[in-house]
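Observations on chain architecture
Spelled out from the first residue to the last, the chains are:
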Amino acid sequence: MPDHNHARFNEAVVAHLPVAMEAQEALAQAVDLNGPYQADIEQGIVTIAGRPLRVLLLGTVSKGSGTWLWSWANQGFSSVIPAIAPVRRAAEMAQQWGLWELAEPQFSLEGVLDAGLGAGASVALVAAPLVGATAFYSADYGAGIAYFGIVDPAVPRPVAQGVTFPRRIMAAVDLQPSSPRGQVLTYAAVHNLRVTGDQRQLKVHIGPDVLSVLFDEQGRITTISGTLSPNPAG
């Protein structure tokens, strides 16, 4: 296991929070997350409260050892089945992103930022968009927790809208305020939004709307403003 800390990974967790919080909200609107679940890994289906959803198995967390194990490294499953094979995409991005955790088959979660749902959820929220999933679902199986990426058409990625953009960003900033600029840029990247600007201002183009995000000398958001069209984008 590499002798690295999780500093850069934790930065990625914070940056991905607006996207993750938005996606988890969409998942909660589609299914009752408090209902029982059944998982069929071979078929790539998790049934939550009676509703089947297509999924990828991202990885599992051992409660005993406090480690994350990527699904493609789990000897209990074939790494080529459709619910697991796409997860290797994340490993292919490890060097580009400078996130060694994406390619390490198993690693300790000690030091991984817990943004409120556990350190395993932090790994899942970074991995999900990298492998084509929208939200993630955590399934407690006693000895551990399995994390699934949702790839079902019933839970599409929410469309970015100018009217909701400030709330998406500020909800994440309120939770983890260390990197608001990274949160804006990551949200824009996942949604394929054009961004212009400099260190003190970013302009995010969302359909016909342009939202200006102003930062102070410490990099904190001071205002989010702009003109909104009568009809939201999307």
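Residues numbered from 1 in each chain as written. Predicted model: local features only at pLDDT ≥ 70, side-chain atom pairs only at ≥ 80, totals over all residues. Heavy atoms only, no water.

**Comments concerning the packing of aromatic side chains**
Applying the stated criterion to the full structure yields six aromatic pairs. With a centroid separation of 6.1 Å and an interplanar angle of 70°, the aromatic rings of Y37 and Y137 are classed as edge-to-face. Highlighted residues: Y37 in strand β1 (residues 37-40) and Y137 in strand β6 (residues 136-140), separated in sequence by 100 residues. The class for Y37 is partly exposed, based on a relative accessible area of 28%. Overall, Y137 belongs to the buried group, its relative accessible area being 7%. Relative to W70, the ring of W68 has its centre 5.2 Å away and its plane inclined at 75°; by these criteria the two rings are edge-to-face. Residue W68 shares its accessibility class with W70, and that shared class is buried. Through a chain of ring-to-ring contacts, three or more aromatic side chains come together here, namely W68, W70, F136 and Y147. (Phe/Tyr/Trp six-rings, centres within 6.5 Å; stacked < 30°, edge-to-face > 60°. Helix = DSSP H or I, 4+ residues; strand = E, 2+ residues; numbered from the N terminus. Buried < 20%, exposed > 50% of the residue type's maximum accessible area, 1.4 Å probe, protein only.)

**Here we look at the nonpolar core**
The biggest cluster of nonpolar side chains holds 55 residues, and the ones touching the most others in it are W68, W70 and F148. Sort the elements by how many residues they give to this core and helix α4 (residues 119-130) lands first, with nine residues. Setting aside residues no more than four positions away along its own chain, W68 makes contact with L58, G59, T60, V61, P105, Q106, F107, L109, G120, V123, A124 and Y147. Of all hydrophobic cores here, the second largest spans 17 residues; its members include A160, I169, A188 and L193. (Core = buried A, V, L, I, M, F, W, Y, C linked by side-chain atoms within 4.5 Å. Contact = heavy atoms within 4.5 Å.)

**Brief notes about the sheet that holds strand β8 (residues 194-197)**
Read from one edge to the other, the open sheet built from four strands follows the order β8-β9-β10-β11, with strand pairing classed as antiparallel. Sheet topology places β8 and β11 (221-227) at the edges, where each strand pairs with a single neighbour. In this sheet, neighbouring strand axes are inclined to one another by 20° on average, regardless of whether the strands run parallel or antiparallel. Both strand β10 (residues 209-215) and β11 contribute to a ladder of six bridges, which runs antiparallel. Counterpart to L211 in the pairing with β11 is G226. The strands touched by helix α5 (residues 165-175) are β9 (201-206), β10 and β11; relative to β11, the strand with the most contacts, the crossing angle is about 170°. Along the sheet, helix α6 (residues 180-190) contacts β8, β9, β10 and β11; its crossing angle with β9, the most-contacted strand, is approximately 20°. (Pairing = 2+ DSSP bridges. Axes fitted to C-alpha atoms, helices over the stretch in contact; angles between N-to-C directions.)

**Quick notes on the packing of helix α1 (residues 7-30) against α5**
Between α1 and α5, the shortest axis-to-axis distance is 8 Å and the interhelical angle comes to 110°. If you check the angle between α1 and α5, you find them roughly perpendicular. Along this stretch, α1 crosses α5, giving a crossing that reads as right-handed. On α5, the residues touching L17, P18, M21, E22 and E25 of α1 are R167, R168, I169, A171, A172 and L175. (Parallel < 35°, antiparallel > 145°, perpendicular 65-115°, else oblique. Left-handed = near helix turned anticlockwise from the far one by under 90°.)

**Digging into the packing of α1 against α4**
Where α1 meets α4, the closest approach of the two axes is 9 Å, and the angle between their N-to-C directions is 70°. Between α1 and α4, the interaxial angle falls into the category roughly perpendicular. For the crossing formed where α1 meets α4, the hand is left-handed. Note on element contacts: α4 touches α1 through S122, V123, L125, V126 and P129, opposite F9, A12, V13, H16, L17 and A20. A breakdown of the residues in the contact of α1 with α4 according to their chemical character gives nine nonpolar, two polar and no charged. (Nonpolar A, V, L, I, M, F, W, Y, C, P; charged D, E, K, R; others polar.)

**Some remarks on the environment of V184**
Here V184 lies in helix α6. For V184, a relative accessible area of 0% gives the class buried. Separated by 14 residues in sequence, V184 and M170 place their C-alpha atoms 9.7 Å apart. Once you skip the residues sitting within four places of it in the chain, V184 turns out to touch F165, I169, L202, V204, V213 and I221.

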